[in-house]
Amino acid sequence: MDKFQITGGRPLEGRIETSGAKNAALPAMAAALLTDQRVTLRNVPRVRDISTLRSLLEDLGVDSSVTHEARGNRLEIAARQLLTPEAPYELVKQMRASVLVLGPLVARFGRARVSLPGGCAIGVRPINLHIQGLEKLGATIRFDHGYVDARANGLRGTNFRFETISVTGTENLMMAATLADGETVLENAAREPEVADLAILLNKMGAKIEGAGTNQIRIRGVARLGGAEHSIVPDRIEAATFLTAAAITGGELVVDHCNPAHLAAVTVKLAEVGVRVEPEGTGTNPASALRVKAPGKLLAVDMSTEEYPGFPTDMQAQYMALMTQAEGTANITEMIFENRFLHALELARMGADIKVSGRRAAVRGKTALSGAKIQASDLRASASLVLAGLAAEGETVIDRVYHIDRGYERIEEKLTQVGAQIHRISESD
């Protein structure tokens, strides 16, 4: 397994570029199953999760091709026919977002057999809401040898209210409803920018969706969808990670190709901590970059994760790393997942003072971090350990960085360009 070797203590300075959002690209790829025409996606990040879903789509019989472009990849997908409706465990276990093929397969082909994803390092994350919604749309669901087997002789519009907000659940049912007979209303829907981005693509394909980005989405079903071309939105979590990297190292960065509106919860919290974040943009062009400058002293500020537009759970680990360098005690409350503090143990090995109790972690700072051999437990935990390594004295070696490769494109190369001393150690080295 690859490792990262980091020598900390250097402030980051310069410009760093944000890639496309993998959490927007994944449902967009699944949406290509809804039509027999070509769907072209641009600004697709070069990360492992994209490769995993592409392999799954090709297993189903979908044709795809990738072209490297100046920013991200161009991915062309054509689901003209289906070889099998089955998404096997071997692929689904690598990435829970594989369940996004369930709704499109049932809607267009009338059959889907998708492996249950099981648990993961940050919590169980069941797909019961996906199942309940598909059943209300008229699908018949049964469970067989660890698989969800869904069948439908045409879906029918319905009203469905999510008991709890689910991003992938919202995306799955929204895609399925595009080909249903009649109107579907999704209540208590996820409001994430990635949901809105998927709706933009689906509408380009001929769907009739209103309200995406709010808690009520209306979908009027159509007989068929066509091809489209779409550019994936910038990755707000990657951009926020870079903002935090500048703050924790005492540096100054311009984070390019981001959407400041999608980062409001993070930038507001950073301002409370004392970090200066300002949009960059001139004339009539909307700002597509943020300048971040670290203060002389960071202040400890409590934080609680929430569904969008609240502070994202995917930034909780990075914020915890930042709070180890803040003056005072910050209470961090994780409201989305029940087991997302595994990185706290690794940060403690580097000298952090963190006490975890249930869904709350108390981080006392400022503590001097020192380099150590540590290992990542999940995607965002990996990012927090990289940030801690950048701020620590001496050398840090992070094992199992395949986690970070799932969602961050060439992060070590990007950080090196702004002054970080970070090197990938491959098994072949």
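Just so it is clear, the structure is predicted and the values come from calculations on it, not from any experiment. (Residues numbered from 1 in each chain as written. Predicted model: local features only at pLDDT ≥ 70, side-chain atom pairs only at ≥ 80, totals over all residues. Heavy atoms only, no water.)

Chemist: For the pairing of strand 24 (residues 421-425), give the residues involved together with the corresponding values.
Modeler: Burial along strand 24 is one-sided: I422 and R424 are buried, and none of Q421, H423 and I425, which face the opposite way, are. Sheet topology places strand 1 (residues 3-7) next to strand 24; 5 bridges connect them, and they run antiparallel. By the bridge assignment for strand 24, I6 is matched with I422. (Buried < 20%, exposed > 50% of the residue type's maximum accessible area, 1.4 Å probe, protein only. Helix = DSSP H or I, 4+ residues; strand = E, 2+ residues; numbered from the N terminus. Pairing = 2+ DSSP bridges.)

Chemist: How would you sum up the packing of helix 4 (residues 102-109) against helix 6 (residues 167-177)? Please name residues and give values.
Modeler: Where helix 4 contacts helix 6, the two axes come as close as 7 Å, and the packing angle between them is 10°. As summarised for this structure, helix 4 and helix 6 are arranged roughly parallel, according to the angle between their axes. The two elements helix 4 and helix 6 cross, and the hand of that crossing is right-handed. Side by side, helix 4 and helix 6 meet where L102, G103, P104 and A107 of the first sit next to N172, M175 and A176 of the second. Residue composition of the contact of helix 4 with helix 6, by class: 5 nonpolar, 2 polar and no charged. (Axes fitted to C-alpha atoms, helices over the stretch in contact; angles between N-to-C directions. Parallel < 35°, antiparallel > 145°, perpendicular 65-115°, else oblique. Left-handed = near helix turned anticlockwise from the far one by under 90°. Contact = heavy atoms within 4.5 Å. Nonpolar A, V, L, I, M, F, W, Y, C, P; charged D, E, K, R; others polar.)

Chemist: Just give me the short version of the environment of L116, but keep the residues and values in it.
Modeler: In this structure, L116 sits in the loop between strand 7 (111-115) and helix 5 (128-136). Owing to a relative accessible area of 31%, L116 belongs among the partly exposed residues under this scheme. Spatially, the C-alpha atom of L116 lies 37 Å from that of A330, the residues being 214 residues apart in sequence.

Chemist: Residues and numbers for the environment of H230, please.
Modeler: The residue H230 is located in strand 14 (residues 228-231) in this model. Spatially, the C-alpha atoms of H230 and P104 are 18 Å apart, while their sequence positions differ by 126 residues. For H230, the residues in contact, after removing those within four places along its chain, are T40, L41, R42, D197, I200, L201 and K204.

Chemist: Describe the pattern of salt bridges, listing the residues and the values that go with them.
Modeler: One pass over the full model with this rule turns up 34 salt bridges. Between D2 and R424 there is a salt bridge, with its nearest N and O atoms 3.0 Å apart. A residue pair is termed long-range when its members are at least 10 positions apart, and D2 in the segment before strand 1 and R424 in strand 24 qualify at 422 residues. With relative accessibility at 23%, the residue D2 sits in the partly exposed group. Measuring nitrogen to oxygen at the nearest pair gives 2.9 Å for the salt bridge that ties E194 to R236. Taken together, the positions of E194 in helix 7 (residues 193-204) and R236 in helix 8 (residues 236-249) put the pair 42 residues apart, joining distant regions of the chain. You'll find E194 and R236 in the same group, each marked buried. Through salt bridges that share partners, R38, R42, E69, R74, E76 and E229 make up one connected network. (Salt bridge = Lys/Arg side-chain N within 4 Å of Asp/Glu carboxyl O.)

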